[in-house]
Amino acid sequence: MARIVITEFMDERAVASLAAAHDVLYDARLVDDAPRLLQEARGADAIIVRNRTQVRGELLAALARCRVVGRLGVGLDNIDVAGCEARGMQVIPATGANALSVAEYVIASAMLLLRGAYVSTAEVASGAWPRTALSNGREIGGKTLGLIGFGGIGQLVAKLARALGMDVCAFDAMMDDDHPAYAELGVRCAGLDEVIKASDVISLHVPLVDSTRGLFDAARIAAMKPGAVLINTARGGIVDEPALAAALREKRLGGAAIDVFGTEPLPAAPHFQGCPNLLLTPHIAGLTAEANDRVSSLIAQRVAEALR
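Residues numbered from 1 in each chain as written. Predicted model: local features only at pLDDT ≥ 70, side-chain atom pairs only at ≥ 80, totals over all residues. Heavy atoms only, no water.

On to a nonpolar patch on the surface, then. Among the surface-exposed residues, Phe9, Ile284 and Leu287 lie close enough to one another that they form a single nonpolar patch of about 220 Å² accessible area. Inspection of the secondary structure puts Leu287 in the loop between strand 12 (278-280) and helix 12 (289-307). (Patch = residues over 30% accessible without salt bridge, like charges linked within 9 Å, V, L, I, M, F, W, Y side chains within 5 Å. Areas by Shrake-Rupley, 256 points an atom, 1.4 Å probe, with all protein chains shown as cover. Salt bridge = Lys/Arg side-chain N within 4 Å of Asp/Glu carboxyl O. Helix = DSSP H or I, 4+ residues; strand = E, 2+ residues; numbered from the N terminus.)

Here it is, written out as structure tokens:
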């Protein structure tokens, strides 16, 4: 019977499936108790984390007998993958399990920000009638969606966008220009600068690595189409937050939806205060009831298989 330590929230049914055959410690608050986390890690044969648990440094050193790291999500920037593999530890992400949740978030955010008509409840209920002010929203059909990163999630976003009548172009430094996914989904392969300049909506789907850190700095934000919308569900650190806020205040951009931040949880952020057409969410694009069930079930199954 293996010892499995789960440091952040996981679907209870998936936890129960692991507990039926293994010794499981499940505490969704363990990530916030560093001394106890280190203590429990020393006896773990497997550890299951989300994005806040940093499997590196002191924690990685404490995982002396660990064989498996399960990641309840897809991003691996909180895990020293090379360090894990050097210690013989298998790292297992939940690839694809939350893709639909993220893709729907992107499309919904794009529609909300382009239309700009969904913030009038308080005014209408109080007897105001801002019909003229809200009559110039934009339709998503016929607009150009630019994808920075064209992996599984980017491809699903493209599929949904195409169904709504959007034109889609994409840049992915890791994919060949003749990759069949472009033709299969009716997406035009383009260079990074071309995607930035041509798109009414830009959605980011790249990992946080040296080449993408600060990718959307002040210069690239300034190069975006006037009135364009920027959506980041990838990783904080890719977008220069103060530069984005300035572009929104100056009305050079038409809106932004930011789900990920350079520091999480996001501390008080004065640069975002009072920005127009800004949607901030606490890293939940990939979190829905259905996605959590899929992610948790997949990781429970694959961790159990690895332990066998």
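Still to come is the rest of the account.
This part covers the packing of aromatic side chains. Two numbers describe a pair of aromatic rings. These are the distance of the centres and the angle of the planes. This structure, assessed with the given rule, holds 2 aromatic pairs. Seen in terms of ring centroids, Phe150 and Tyr182 are 4.9 Å apart; in terms of plane orientation they differ by 15°. Their pairing is stacked. Placement of Phe150 in the loop between strand 6 (144-148) and helix 7 (152-163) and of Tyr182 in helix 8 (residues 180-185) is noted, with a sequence separation of 32 residues between them. The burial state of Phe150 is the same as that of Tyr182; both residues are buried. Ring geometry for Phe261 and Phe272: centres 6.4 Å apart, planes at 75°, overall edge-to-face. Taken together, the residues Phe261 in the loop between strand 11 (255-258) and strand 12 and Phe272 in the loop between strand 11 and strand 12 connect sequence positions 11 residues apart. Phe272 sits in the buried class, given a relative accessible area of 6%. (Phe/Tyr/Trp six-rings, centres within 6.5 Å; stacked < 30°, edge-to-face > 60°. Buried < 20%, exposed > 50% of the residue type's maximum accessible area, 1.4 Å probe, protein only.)

Within the largest apolar cluster, 31 residues are counted, with the highest numbers of intra-cluster contacts made by Ile148, Leu204, Phe216 and Leu244. Per-element accounting of this core gives the leading share, 5 residues, to helix 11 (residues 241-249). Ile148 has contacts with Phe171, Leu192, Val195, Ile202, Ser203, Leu204, His205, Val206, Leu215 and Phe216, leaving out every residue within four places of it along the chain. (Core = buried A, V, L, I, M, F, W, Y, C linked by side-chain atoms within 4.5 Å. Contact = heavy atoms within 4.5 Å.)

Further remarks concern the sheet that holds strand 4 (residues 68-71). Pairing is parallel in the open sheet, where 5 strands are placed in the order 2-1-3-4-5. A single partner strand is all that each edge strand has here, and the edge strands are strand 2 (23-26) and strand 5 (90-93). Pairs of neighbouring strands in the sheet enclose a mean axial angle of 15°, with direction left out of account. Here strand 3 (residues 46-49) pairs with strand 4 via 4 bridges, running parallel. Note that in strand 4 the partner of Ile48 across the bridge is Gly70. (Pairing = 2+ DSSP bridges. Axes fitted to C-alpha atoms, helices over the stretch in contact; angles between N-to-C directions.)

To continue, consider the layout of surface pockets. Considered as a void within the structure, the second largest pocket measures approximately 340 Å³ in volume. In terms of lining residues, the second largest pocket is bounded by 15 residues, among which Gln54, Asp77, Phe261, Gly262 and Glu264 are the most central. The residue inventory of the lining of the second largest pocket, partitioned by class, reads 2 nonpolar, 8 polar and 5 charged. (1 Å grid on protein atoms, 1.4 Å probe; cavity = no way out; pocket = protein on both sides within 12 Å on 5 of 7 lines; lining within 4 Å. Points joined across faces, edges and corners; volume = space filled by probe spheres on them. Nonpolar A, V, L, I, M, F, W, Y, C, P; charged D, E, K, R; others polar.)

Attention now moves to the side chain of Thr212. Note on placement: Thr212 falls in the loop between strand 9 (201-204) and helix 10 (218-222). Side-chain polar atoms of Thr212 contact the backbone nitrogen of Val209, separated by 3.0 Å. Not counting residues within four places of it along the chain, the set of residues in contact with Thr212 comprises Val206, Pro207, Gly237 and Ile238. (Polar contact = N/O pair within 3.5 Å; in protein donor to acceptor, adjacent residues only side chain to side chain.)

The subject of this paragraph is the sheet that holds strand 10 (residues 229-232). Taking strand neighbours across the sheet as the criterion, the 7 strands line up as 8-7-6-9-10-11-12 in an open arrangement whose pairing is parallel. The open sheet has two free edges, formed respectively by strand 8 (188-189) and strand 12, since each of these has just one partner strand. Those strands touched by helix 11 are strand 10, strand 11 and strand 12, and its axis lies near 150° from that of strand 11.

Residues in a regular strand project their side chains so that they alternate between the two faces of the sheet. Of the pairings in the sheet, the one linking strand 6 to strand 7 (residues 167-171) comprises 5 bridges and is parallel in character. Residue pairing across strands places Thr144 opposite Asp167, the latter belonging to strand 7. For the segment spanning strand 6, helix 7 and strand 7, crossover handedness is right-handed. When strand 7 meets strand 8, the two strands line up parallel, connected through 2 bridges. In the sheet register, Ala170 faces strand 8, and the bridge partner there is Cys189. (Right-handed = clockwise from strand over helix to strand, strands pointing away.)

On to the pattern of salt bridges, then. Note on pairing: side chains with opposite charge can pair once their charged atoms come close. For the coordinates displayed, the defined rule picks out 12 salt bridges. Of the charged contacts, one joins Asp32 and Arg52 as a salt bridge, the two residues approaching to 2.5 Å between their closest N and O atoms. Taken together, the residues Asp32 in the loop between strand 2 and helix 2 (34-41) and Arg52 in the loop between strand 3 and helix 3 (57-62) connect sequence positions 20 residues apart. Each member of the salt-bridge network shares a partner with another, and the members are Arg3, Asp23 and Glu40.

In short, the description is geometric, and any link to function would need to be established separately.
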